[in-house]
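Summary of structural features
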Amino acid sequence: MAKRHDVLEFAVLGVLSDGPLHGYELRKRLAAVLGPFRALSYGSLYPCLRRLQAKRLIDEVDVTPAIESSAPPLSARRARVVYAISADGKEEFADWANQPGPEAWEDEGFAAHMAFFGRTESRVRLRILEGRRSRVEERVDSLRESLTRSRERVDAYTLQLQQHGLDGAEREVRWLNELIQHERTST
């Protein structure tokens with residue numbers, strides 16, 4: 001299973017492959033790419049940027065110095081660092097975007113991979129979609145079994161919650177089937 005920080009590194013490389021950005025703008029773009037349901041704090045972004053710099057996958061390309069002010073602290077501005085993807089980072093991102101392995105099928109990895117499907121080879125997109133469908137179909141089977149077993153032991157609210165989870169998983173399988181069909185007919 002992909003680690004959360006690995007997925008964030010992948011997403012940072014993907015966003016920076018569109019052009020250099022400073023931390024604030026990078027965070028905004030990552031939120032747009034990864035979705036509103038994935039909280040992204042500066043406390044996770046900046047350590048990620050340091051790891052990517054240590055691996056020489058990104059570089060600092062511009063630093064705007066901090067502005068010190070004798071006025072109230074609200075008027076002071078922190079230093080602004082602009083980050084850019086390196087040549088090694090571009091290669092790493094391309095390799096990562098085109099890896100169809102199990103980490104690309106799990107919840108965390110799938111969302112990030114799908115966000116960059118436009119830069120992924122068609123055959124790899126298809127393999128990731130098929131792998132994801134298989135994972136979600138396993139989840140559907142497990143949820144159905146759990147719902148059947150627990151009908152007499154849990155209250156109506158818990159049953160509704162389980163049914164809601166099953167409905168969502170079944171809806172995702174239908175969606176994945178549509179994406180797979182589209183991918184097969186457009187190649």
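Provided above is the structure to which this section pertains.
Residues numbered from 1 in each chain as written. Predicted model: local features only at pLDDT ≥ 70, side-chain atom pairs only at ≥ 80, totals over all residues. Heavy atoms only, no water.

A word on the pattern of salt bridges. Tallied over the entire structure, the rule returns 14 salt bridges. Aspartate 107 serves as the salt-bridge partner of arginine 132, at 2.8 Å between the closest nitrogen and oxygen. Placement of arginine 132 in helix α6 (residues 122-150) and of aspartate 107 in helix α5 (residues 107-115) is noted, with a sequence separation of 25 residues between them. A salt bridge links glutamate 145 to arginine 149, with the nearest nitrogen and oxygen atoms 2.6 Å apart. Here arginine 149 and glutamate 145 lie together in helix α6, a separation of 4 residues that amounts to about one turn. Taken together, the shared-partner salt bridges connect Asp107, Arg132, Arg139 and Glu172 into one network. (Salt bridge = Lys/Arg side-chain N within 4 Å of Asp/Glu carboxyl O. Helix = DSSP H or I, 4+ residues; strand = E, 2+ residues; numbered from the N terminus.)

Quick look at the packing of α5 against α6 now. The geometry of α5 relative to α6 is characterised by a closest axis approach of 11 Å and an angle of 150° between their N-to-C directions. Taken as a pair, α5 and α6 cross one another with a handedness that is left-handed. On the side of α5, the interface is formed by Asp107, Phe110 and His113, while α6 contributes Ile128, Leu129, Arg132 and Arg139. Class assignment for the residues of the contact of α5 with α6 results in 3 nonpolar, 1 polar and 3 charged. (Axes fitted to C-alpha atoms, helices over the stretch in contact; angles between N-to-C directions. Left-handed = near helix turned anticlockwise from the far one by under 90°. Contact = heavy atoms within 4.5 Å. Nonpolar A, V, L, I, M, F, W, Y, C, P; charged D, E, K, R; others polar.)

What follows is about the nonpolar core. Val12, Leu16, Leu26 and Leu30 are the most contacted members of the largest nonpolar core, which has 27 residues in total. Counting residues in hydrophobic clusters, the runner-up holds 17 residues, among them Phe117, Leu166, Ala169 and Leu176. (Core = buried A, V, L, I, M, F, W, Y, C linked by side-chain atoms within 4.5 Å. Buried < 20%, exposed > 50% of the residue type's maximum accessible area, 1.4 Å probe, protein only.)

So, about the environment of serine 17. Within the secondary structure layout, serine 17 lies in the loop between α1 (4-16) and β1 (21-22). Taking the relative accessible area as the measure of exposure, serine 17 reaches 30% and is therefore partly exposed. Beyond its immediate chain neighbours, meaning those up to four positions away, serine 17 contacts Ile85, Phe93 and Arg119. In this structure the side chain of serine 17 is engaged in a polar contact, spanning 2.5 Å, whose partner is the backbone oxygen of glycine 14. (Polar contact = N/O pair within 3.5 Å; in protein donor to acceptor, adjacent residues only side chain to side chain.)

The next subject is helix α3 (residues 42-54). The end-to-end C-alpha distance of α3, which contains 13 residues, comes to 18 Å, matching closely the 18 Å that a straight helix rising 1.5 Å per residue would cover. Those residues of α3 lying buried are Leu45, Cys48, Leu49 and Leu52. Buried residues of α3, viewed axially, fall in a sector of 100°; they line one side. Opposite the buried face of α3, at more than 90 degrees from it, the exposed residues are Gly43, Arg50 and Ala54. Positive phi appears at arginine 56, one or two residues downstream of α3, with a value of about 65°. (Expected span 1.5 Å × (residues − 1). Arc of directions from axis to C-beta.)

Below, the discussion takes up the pairing of strand β3 (residues 80-85). Sheet faces and side chains relate simply in a regular strand, where the side chains alternate between the two faces. Across the 6 residues of β3, 5 count as buried, placing the element largely inside the fold. Judged from the 6 bridges that link them, strand β2 (residues 58-64) and β3 form a sheet pairing that is antiparallel. Bridging across to β3, glutamate 60 finds its partner in tyrosine 83. (Pairing = 2+ DSSP bridges.)

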